[in-house]
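Here is what each chain is made of, one letter per residue.
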Amino acid sequence: MAQQRENWSSRTGFILAAVGSAVGLGNIWRFPYVAYDNGGGAFMVPYLIALLTAGIPLLFLDYIIGHKYRAAAPRAYKKFSPSGQFVGWWQTLVSFVIAIYYAAVIVWAGSYMFFSFGQKWGEDTTTFFVTDFVQHTGELTSVFVPQMFIGLVIVWAVAILIMFGGIRKGVELANKICLPLLIVLFGIMVFKAVTLPGAVIGLNAFFEPNWVKMQDPNVWLAAYGHVFFSLSVGFGIMVTYASYLKKNTNLTGAGLVVGFANSSFELIAGIGIFAAIGFMAMSTGQDVAEVASGGVGLAFFVFPKIISTMGASGDFVGFLFFGSLVVAGISSLISILEVPISAFQSKFDWSRKKAVALICGVCAVISIGAFSTGSSLVLVDVIDHFANNIGIVAGGLMSIVLVTWFNRNKIPGLLAHINSVSSIKLGGAWIFMLTVITPTVLTISLGLKFIDLVKTPYEGYSSTILLLFGWGVVVFFGLGAFILSRMKGIHDAEDDKARLLDDAR
């Protein structure tokens, strides 16, 4: 018996969930450094151009596919084109893998919320994180790390509880709590940071435009790459979320709100992070360039050092910063989990509870088993790099090529669908950006990254680690997508008939 598909309670509920998904760890620890390293204030030019010519157009495509075909990514793409199911399953498996390691990063941030009180990391913040906390050895190890085990059990218990609640009482309700909480926590942290002595030094470094860098193609690739990752496009999330929208929802209006809300948060994050970095630079007599960092280094090496220079007030700032990472991480994790849950539920007509129990159960077991060891830092680093730079980019590129290159005759139908419910109409400009600009940039980015990964072992890791958890993960995406797309689904005959009717119109 087919399960009745849920809906968001309102367009606002969808927007909150979509913004909650887009606003993740990368907004806080990735964007500020990417902007600083690629021209500072001048980076805003390619960033905005990338947002308007690639990010939002691809976001609209995800919305159309999900909303028109009202299904999870694999089934939605299959309804669009028989070969599309592979693309949908590729994106679904990317989300499945990301969820497994994303939980570990949330545990790191959650642990540091409590380490902030009394600044338990001491003077050598790098050694504390790498050696004392995650017990990293530089290679694969079976050393059991109790604090990671306990943290992962808690994170997965919270995530599973939310997912059991369904769309309205689970995902939507969690985002209605998480997003305002994130804004309050991070807003207070940013306010505190900009009032610190030396904050203006960091802000000047962040905003000072270096127009010469605009001549470097890599800066433009960095802008497009960041926008692509930041908006949660290309790995099934927005297709899945849009499928839960009611039939007459304003898609383009919602997309613009999500896109610019996400970018606004990134800008605020940059202000807060670089104000704090400026304070540290002044306190230690260093240049901003010596202090600035991104990713894990910023969050767990640099920021604890900044907190330690603040005295007693640093405890409170640390709690706010790492609390923000936890809340942003949870809202993103539940959006990532919704992709495989919805996909398997749709494919095999599972109940919501069965899909959550099986998918989250498998994710949790793998996650707790792999990341409760001293290998967690290695695994997060390698899997994240390959899943993001190969998995997500390839998934987004395949969806664009499927729609705009191999099924151009169906584009008028997609346009008619979105324009019939939206306030801002799409036309030739959207088609051009999606057909030419976005695939060109993604192809170049994917090609350069592929060559780089083949020529140079990532971060000097052993070939065994890279083959198993880097290239092995990419093979898993492809092989898994191939197998799942060939398996018989409960709605195959119904979907084939609907597609033929749609093509005949």
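Heads up: the structure comes first, above all this text.
Residues numbered from 1 in each chain as written. Predicted model: local features only at pLDDT ≥ 70, side-chain atom pairs only at ≥ 80, totals over all residues. Heavy atoms only, no water.

Novice: I keep staring at the pattern of salt bridges and nothing clicks. Help me out?
Specialist: Close approach of charged atoms allows side chains with opposite charge to pair. Counted under the stated rule, the structure contains 4 salt bridges. For E172, the salt bridge goes to K176, with nearest N and O atoms at 3.1 Å. Placement of both E172 and K176 in helix α9 (residues 166–194) is noted, with a separation of 4 residues, approximately one turn of the helix. By relative accessible area, which is 39% here, K176 ends up partly exposed. (Salt bridge = Lys/Arg side-chain N within 4 Å of Asp/Glu carboxyl O. Helix = DSSP H or I, 4+ residues; strand = E, 2+ residues; numbered from the N terminus. Buried < 20%, exposed > 50% of the residue type's maximum accessible area, 1.4 Å probe, protein only.)

Novice: Explanation requested: the nonpolar core in the structure shown.
Specialist: When a protein is soluble and globular, its nonpolar side chains tend to lie buried together. I65, W108, W156, F321 and L337 are the most contacted members of the largest nonpolar core, which has 192 residues in total. Broken down by element, the residue count for this core peaks at 22 residues, all from helix α6 (residues 84–115). Those residues in contact with F321 that sit more than four places away from it in its chain are I28, F186, M189, I273, A299 and F303. (Core = buried A, V, L, I, M, F, W, Y, C linked by side-chain atoms within 4.5 Å. Contact = heavy atoms within 4.5 Å.)

Novice: Is there a simple way to explain helix α19 (residues 411–421) in this structure?
Specialist: Turn by turn, an α-helix covers 3.6 residues, leaving residues three or four places apart pointing in a common direction. The complete set of buried residues in α19 reads I411, L414, L415, H417, I418, N419 and V421. Contacts made by the buried residues of α19 are with α4 (44–69), α5 (73–80), α13 (251–284), α18 (376–405) and α20 (428–455).

Novice: I tried to follow the packing of aromatic side chains on my own but got confused; where do I start?
Specialist: What describes a pair of aromatic rings is the distance from one ring centre to the other and the angle between the planes of the rings. Counted by the stated rule, this structure contains 44 aromatic pairs. Centre to centre, the rings of Y112 and F115 are 5.2 Å apart; their planes meet at 70 degrees, and the pair counts as edge-to-face. Note that Y112 and F115 are positioned in helix α6 at a spacing of 3 residues, about one turn of the helix. Owing to a relative accessible area of 0%, Y112 belongs among the buried residues under this scheme. Aromatic side chains F117 and F319 sit 5.5 Å apart centroid to centroid with 45 degrees between the ring planes, which places their arrangement in the tilted category. One end of the pair, F117, is in the loop between α6 and α7 (125–133); the other, F319, is in helix α16 (residues 313–348), and 202 residues separate them in sequence. (Phe/Tyr/Trp six-rings, centres within 6.5 Å; stacked < 30°, edge-to-face > 60°.)

Novice: Would you explain the environment of I383 in this entry?
Specialist: When you line up the elements, I383 lands in helix α18. For I383, a relative accessible area of 10% puts it in the buried group. Separated by 91 residues in the primary sequence, I383 and V474 place their C-alpha atoms 9.3 Å from one another. Each residue touching I383, except ones within four places of it in the same chain, is listed here: V97, Y101, F371, F469 and V473.

Novice: Help me understand the side chain of S232 in this model?
Specialist: Along the polypeptide, S232 turns up in the loop between α11 (217–230) and α12 (237–243). Of the polar contacts made by the side chain of S232, one reaches the side chain of S21; its length is 3.1 Å. What S232 contacts, discounting residues up to four positions off in sequence, is S21, A22, I237 and M238. (Polar contact = N/O pair within 3.5 Å; in protein donor to acceptor, adjacent residues only side chain to side chain.)

Novice: What should I look at first to understand helix α10 (residues 199–207) in this one?
Specialist: All buried positions along α10 are accounted for by A199, G202, A205 and F206. Down the axis of α10, the smallest arc covering the buried residues is 130 degrees, so these residues share one side. Here the buried face of α10 lies against α3 (31–37), α4, α9, α13 and α14 (288–291). (Arc of directions from axis to C-beta.)

Novice: Can you walk me through a nonpolar patch on the surface in this structure?
Specialist: A grouping of F144, F149, I150, V153, I154 and V158 is seen on the molecular surface, where their side chains present a nonpolar patch of about 530 Å² in accessible area. Looking at where F149 falls in the secondary structure, it is placed in helix α8 (residues 146–164). (Patch = residues over 30% accessible without salt bridge, like charges linked within 9 Å, V, L, I, M, F, W, Y side chains within 5 Å. Areas by Shrake-Rupley, 256 points an atom, 1.4 Å probe, with all protein chains shown as cover.)

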